[in-house]
Structures are given as C-alpha cells and as structure tokens.
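Residues per chain, in single letters:
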Amino acid sequence: MILKSGFLALLVTSAFLLATPAIAGGEQCAHAKEITDLAGFVLDDLAHPQPTLGKSYGVDAAYLTLHYGNISEPEAEGLLKALIAQNVVAGRSFVQAYLISRYGYDEATQRLQSFRQTVGYGSLDTTVIRQLAKANRFDVAISALVKQTTPPDANRPLGDAMAVIDFPDADKRRFAQAAEAAGLYAMAGGIYASMGDRSDWPGYIKRNFKKPGFPRLRYTFLAFSAYHPELPPMPDPRNGRNSLMIRKYVRTDYAAGFRLPHVSLPLAYGSRIHFEPLFSAKASDKLIKLIDQGAIKPTDNMDESWLVAFREIAARIGDPRGTMEKMERIGFDGRRHLRTNAGEILNWMLAVEAIAPWLNNPGDEFPDIPDEAGESLRVNWQTWRTVGTAIEAGDLQSLDRRDEKASAIATELLFAKGDYQALTELVASVPSPWLKLRLAEDFSTRLDRLCDSRLYFPGEGVMGPAALLYDFDVAK
C-alpha cells in the first residue's frame, strides 16, 4: 500500500476515536493492493496545501481505503479528520454517515465535536439520509430537510427518495408518511411510488394532487414506479395517445436504468437527444433482457451496457457514425479519466473491445479500426496501434510518459488485459500530476467493481454520472 506520507499522516492524533477497526473488507479481493495503491496517490496529493485537482475529489479514495486498506484506527481517524480539515467536497457528509454507521446518531453527533466542525445535519445529501434511515433516525433527516431554504415542494425528490429505494415496504411506508406529514410531499411521493404495495398510492394522490407544483412531478413518480413492475395510476390531463406512449418509453428507460451499472446510456440519450424516445426505449428493452439473463449485472463496470445500448440505438437510426455524433453532444462528468462526452468514451470503449482479444492472441494481425468509430478514434488509431504493440511486446519502457494520450491508452489496454500491477506502476510513473490522479481515481473504482463493488448503490444508473452515495454497513 503506497501511503508512506501525506494524507493519512495528516492530523493523526494519539486519541483513538474509532472503537473498532475501520470498514472490514477486501480480505478475498485479489486486487486490494492495486486499489489501495491507486487510492493512495489521490489521498497523498490531497494532503498538499494546493492539491492538483483541488478539493472536488478524494472521498472515493477514502472510501476504498477504509474498505480495502486494513488500516489502523489512528490512520482511519486521521483520514476522516483530514477530509473535514481539507474541506473536501462531500467530505463532511461522508464523515457524518460513517460515524452514524459505527455509533448511531446520538453518539456520532457527540463525536463530531472532536472533528471541530459544527454539530448538526442542516444540509443533507443522499449519503447521510440513507445512513440516518438505516439507523432508524429518519426523523432527523425530515427535520433538517424542512429547515432548508428550498421550498419543500421543490426539494430533490429523486435523490432524497433514492436513499431508501431498496428498503422494505414497511419502512418505506413509515418514511413516506413522515415526509408527507412534514410537507415534503415530493419526497413522500417518490417513496410511495417505489413501493411494491400500491395500496397507499391512491390516497396519496387524492390528498396532494392539487398542491402547487404537483403535476410537474408526474415523470419523477413515473421513474420510481419503474423500480417495480406496476405503473402507479397517476392522473395526467395530457393522457392523449402520444403522451401515454412517451410515458411508456420513459418508464422503460427508467426500468433499465434502475438495474444498470454506473450510468444508463439510454436515459442520458433520451434526456439529451429529443424527439427520439423510441430508440432509447428499444435499447433499454434489450438491456433488460440481458440483465434478466445475468449477462449484465448492476455491480459491473459500465462498458458492456454502453456498447450494447449504443449499437441498438445506432441500428434503429441506421447510421452508426451519425449516432456517434449525437453521442458527442451528451456531456459526461463521472468516474472516468475522460470527462468529456459520451461519444468520446464510447470511442475508447470500441478501441479497447477491438484490441483486447489481439493482446491475448498477438500472432494475429493488429485489428482494423471499428466501423462504428467516430472521427476522434480514426485520427488516433495509430497511437492505439503503437501502444498496443508495445504492451504486446512487454516494452512499456518505450512509451513516452510525457505523451498523455499514449499513457492513458496504455492504462486502458493493461486493464483490459488484466495486468493490474503493471497498470498501477504505469500510473505511478506518469509525470503529469493531473493525468496521474485522474487515472488513479478512475481505475481504483473500476477495480472495486471486480471485487466487492462497494461504490455500487441501488439504482445508481438513474442518478447521473456525478452522483455520489457512500453506503456504510451498520456496526453490530
């Protein structure tokens, strides 16, 4: 584990805040060392006065280190305190949720005082709401949400209700009733709509349908209904033929999205490329069949589901290159070192898919560029060939580490080949701090998907690429 100095050494005190070891896990993970080494690059950089990537990242690395790192109690305490001291984005809620999981709400609130931060839960995200619900303190979440400056009917029903999306119906009913009683009817509706038991839904509609802003939520509730087979009878004054058809397509996209890894490409396509809802729905239908067969799992990496969806949409349109151009209009800011657009990410996926088999059977000719490739891949195919040839020959030293594109391509191919140690060593040798940390952040999370999938959370495919939810097991 490459953590000789830096973040985990920062603010470690002699007081043992944690009564038991940090999150247990990773004992059976063959890639735990590579995960923690890559996470360590991120955490050590974050300890510097001026972190390379600023303070908008770091919680993924902290989460993976707690789970896979087998770190000591003082190291875990230092990590948590440093997230607060460094003002890392989402760090405060991360620490709150972790402490609640270990000690329950009351003791966690007391322990937060030792972190020199304001005690309380005035601004909640999905991570903290989920942990409060697991600790049977949903009342705290309700109280804090009511006090937010945002009007209750405009709160984030998707994110808030997602915190309990996989809870039993009995708990959901209790949480929804508490939210509705507090005036958070958007959140309440999202929870009601996700329940398998629909008996509460008609009364909820009757009580709230005429409230301001309620009709705007019809598609939000429709999304939650896709988590279960039944469609809730939500009155809609626009129940014409086209409206009903669009609702069917939207529901299909969400039904797939709730079960897909990372980000649902059909949902992203449908929300960005208008007037083509049938194409995304057909892609979602195909993905649902593959999910039902077990060919795609929600805890996987997203590459296979994206390629399936892209090809289904392209087949419906009848123009793969034109489809790729449309994909380039869909922005992406998720857990990938490429944070550009869906088209560029698909181009890299296509390249890896074509070259990976050749790496295992190098006697064959280097593959031709995929027919569906966009212009950016066509321009850079020779670089892919050069890097692939170097990896096949075991000659990574020949790669110019200053060539950022070549270094990034090499990590993709090493990951596809399954040589994770070489990947980690290559990331460590990249001279560009910016690229090194982007790669470290990306591949530590991808390797997690090959082990315990701790970064997965139920329904993540509908939440968008930048969504964060850290789910901590409750200490027994």
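Scroll up to find the structure.
Within each chain, residue numbers correspond to sequence positions counted from 1 in written order. A pLDDT threshold of at least 70 governs which residues receive local features in this predicted model, and a stricter bar of 80 or more applies before side-chain atom pairs are shown or counted, although totals over entire chains, interfaces and linings include all residues. Only heavy atoms go into the side-chain values, all of them from the structure, while hydrogens and water stay out.

*Asks:* Tell me what's going on with the packing of aromatic side chains, and back it up with residues and numbers.
*Replies:* Planes of paired rings set the category: under 30 degrees apart is stacked, over 60 is edge-to-face and the rest tilted, where pairs are Phe, Tyr or Trp rings (Trp by its six-membered ring) whose centres lie within 6.5 Å. Counted under the stated rule, the structure contains 20 aromatic pairs. With centroids separated by 6.0 Å and ring planes inclined at 80°, the aromatic side chains of Y204 and F221 adopt a geometry described as edge-to-face. Of the two residues, Y204 is situated in helix α10 (residues 201-208) and F221 in helix α11 (residues 218-225); the sequence distance between them amounts to 17 residues. Accessibility classification places Y204 together with F221 in one group, the buried group. Centroid distance W358 to F366: 5.0 Å. Interplanar angle 75°. Geometry classified as edge-to-face. Residue burial is assigned from relative accessible area. The probe radius is 1.4 Å, only protein chains are included, and a residue is buried under 20% of its type maximum, exposed over 50%, and partly exposed in between. For F366, a relative accessible area of 9% gives the class buried. The numbering of helices and of strands both runs from the N terminus, where a helix is a DSSP run of H or I of at least 4 residues and a strand a run of E of at least 2.

*Asks:* I'd like to hear about empty space enclosed by the protein, residue by residue, with values.
*Replies:* The rule is simple: put a 1 Å grid over the protein atoms alone, call a set of points where a 1.4 Å probe fits but cannot get out a cavity, call an open set with protein on both sides within 12 Å along at least five of seven lines a pocket, and count a residue as lining if it has an atom within 4 Å of a point. Grid points are joined across faces, edges and corners, and a volume is the space filled by probe spheres set on the points. Applying the stated criterion across every chain, the model contains four cavities of 30 Å³ or more. Here the largest cavity defines a volume of roughly 100 Å³. The wall of the largest cavity is formed by H262, V263, M302, F332, G334, R335, R336, F457, E460, G464, P465 and A467. Considered as a void within the structure, the second largest cavity measures approximately 60 Å³ in volume. Taken together, D303, R336, H337, L338, I345, W348, M349, E412 and R446 form the lining of the second largest cavity. With three residues, the top contributor of residues to the lining of the second largest cavity is helix α17 (residues 342-360).

*Asks:* Summarise the nonpolar core; cite the residues concerned and give the values.
*Replies:* Within this scheme, the nonpolar core is defined by two criteria: the residues are buried Ala, Val, Leu, Ile, Met, Phe, Trp, Tyr or Cys, and they are joined through side-chain atoms within 4.5 Å. Within the largest apolar cluster, 146 residues are counted, with the highest numbers of intra-cluster contacts made by F94, W306 and W384. Top element by residues in this core is α17. It accounts for eleven residues. Two residues qualify as a contact provided that any one of their heavy atoms is within 4.5 Å of a heavy atom in the partner residue. Ignoring anything within four residues of it in the chain, the contact list for W306 reads V263, L265, F332, A342, I345, L346 and M349.

*Asks:* Got a sec to walk through the environment of A255? Specific residues and values, please.
*Replies:* Considering the arrangement of structural elements, one finds A255 in helix α12 (residues 241-257). C-alpha separation for the pair A255 and F224, spaced 31 residues apart in sequence, amounts to 8.7 Å. Not counting residues within four places of it along the chain, the set of residues in contact with A255 comprises A226 and I288.

*Asks:* Give a detailed account of the pattern of salt bridges, specifying residues and quantitative values.
*Replies:* Whenever a carboxyl oxygen of Asp or Glu lies within 4 Å of a side-chain nitrogen of Lys or Arg, that contact is scored as a salt bridge. In total, this model carries 28 salt bridges according to the counting rule given. For R137, the salt bridge is made with D106, and the minimal N-O distance between the two is 3.5 Å. With R137 in the loop between α5 (126-134) and α6 (138-147) and D106 in helix α4 (residues 91-112), this residue pair connects regions lying 31 residues apart in the sequence. Judged by its relative accessible area of 24%, R137 is partly exposed.

*Asks:* I'd like a rundown of the packing of helix α2 (residues 59-68) against α4, residues and numbers included.
*Replies:* Orientation is described by lines fitted to C-alpha atoms, with helices fitted over the stretch in contact, and by angles between N-to-C directions that extend from 0 to 180 degrees. At a minimum axis separation of 10 Å, α2 and α4 run at an interaxial angle of 25°. Regarding the angle of α2 to α4, the classification is roughly parallel. Like other packed secondary-structure pairs, α2 and α4 cross with a definite hand, here right-handed. Where α2 approaches α4, its residues V59, A62, Y63 and L66 are matched on the opposing element by G91, F94 and Y98. Note on residue classes: Ala, Val, Leu, Ile, Met, Phe, Trp, Tyr, Cys and Pro are nonpolar, Asp, Glu, Lys and Arg are charged, and everything else, Gly too, is polar. Counted by class, the contact of α2 with α4 contains six nonpolar, one polar and no charged residues. For classification, angles of less than 35 degrees are called roughly parallel, those exceeding 145 degrees roughly antiparallel, those between 65 and 115 degrees roughly perpendicular, and all remaining angles oblique. Handedness of a crossing follows from how the near helix is turned relative to the far one, being left-handed for an anticlockwise turn of less than a right angle and right-handed for a clockwise one.

*Asks:* Give me the lowdown on unusual backbone geometry, citing residues and values where you can.
*Replies:* With glycine set apart, most residues show a phi of negative sign, and most peptide bonds adopt trans. Backbone geometry at N70 places phi at a positive 50°, although glycine is not the residue there. Tracing the backbone shows N70 in the loop between α2 and α3 (73-85). Residue N70 is classed as exposed on the basis of its relative accessible area, which comes to 74%. The backbone of H262 shows a phi angle near 65°, a positive value even though the residue is not glycine. Within the fold, H262 resides in the loop between α12 and α13 (265-272). Overall, the relative accessible area of 13% leaves H262 in the buried class.

*Asks:* Describe in detail helix α14 (residues 277-292), supporting the description with residues and values.
*Replies:* The end-to-end C-alpha distance of α14, which contains 16 residues, comes to 22 Å, matching closely the 22 Å that a straight helix rising 1.5 Å per residue would cover. Three or more residues of α14 are buried, namely S280, A281, A283, S284, L287, I288, L290 and I291. G294 sits one or two positions beyond α14 and adopts a positive phi of about 85°. Expected span of a helix, by definition, is 1.5 Å for each gap between consecutive residues, and there is one gap fewer than residues.

*Asks:* Tell me what's going on with helix α18 (residues 375-392), and back it up with residues and numbers.
*Replies:* Turn by turn, an α-helix covers 3.6 residues, leaving residues three or four places apart pointing in a common direction. In a regular helix each residue adds 1.5 Å, so 18 residues correspond to 26 Å; α18 covers 26 Å between its end C-alpha atoms and thus fits that length. Bending of α18 peaks at approximately 50° at the position of W381. Burial in α18 covers these residues: L377, N380, W381, W384, V387, G388, A390 and I391. On its buried side, α18 packs onto α17 and α19 (404-417). Just past α18, the residue G394 takes up positive phi, approximately 65°. Note on bend: the value at a residue is the angle between axes fitted to the seven residues ending there and to the seven starting there.

*Asks:* Can you tell me about the layout of surface pockets, naming the residues and giving the values?
*Replies:* Here the largest pocket defines a volume of roughly 480 Å³. What lines the largest pocket is a set of 27 residues, among which D253, L267, A268, G270 and S271 lie closest to the centre. The set of elements that each furnish at least two residues to the lining of the largest pocket consists of α12, α13 and α14. The element best represented in the lining of the largest pocket is α12, accounting for five residues. Taken together, the residues of the lining of the largest pocket sort by class into 17 nonpolar, eight polar and two charged. Here the second largest pocket defines a volume of roughly 420 Å³. In terms of lining, the second largest pocket is formed by 22 residues, of which the most central are S56, V59, V89, A466 and L468. Residue composition of the lining of the second largest pocket, grouped by class: ten nonpolar, six polar and six charged.

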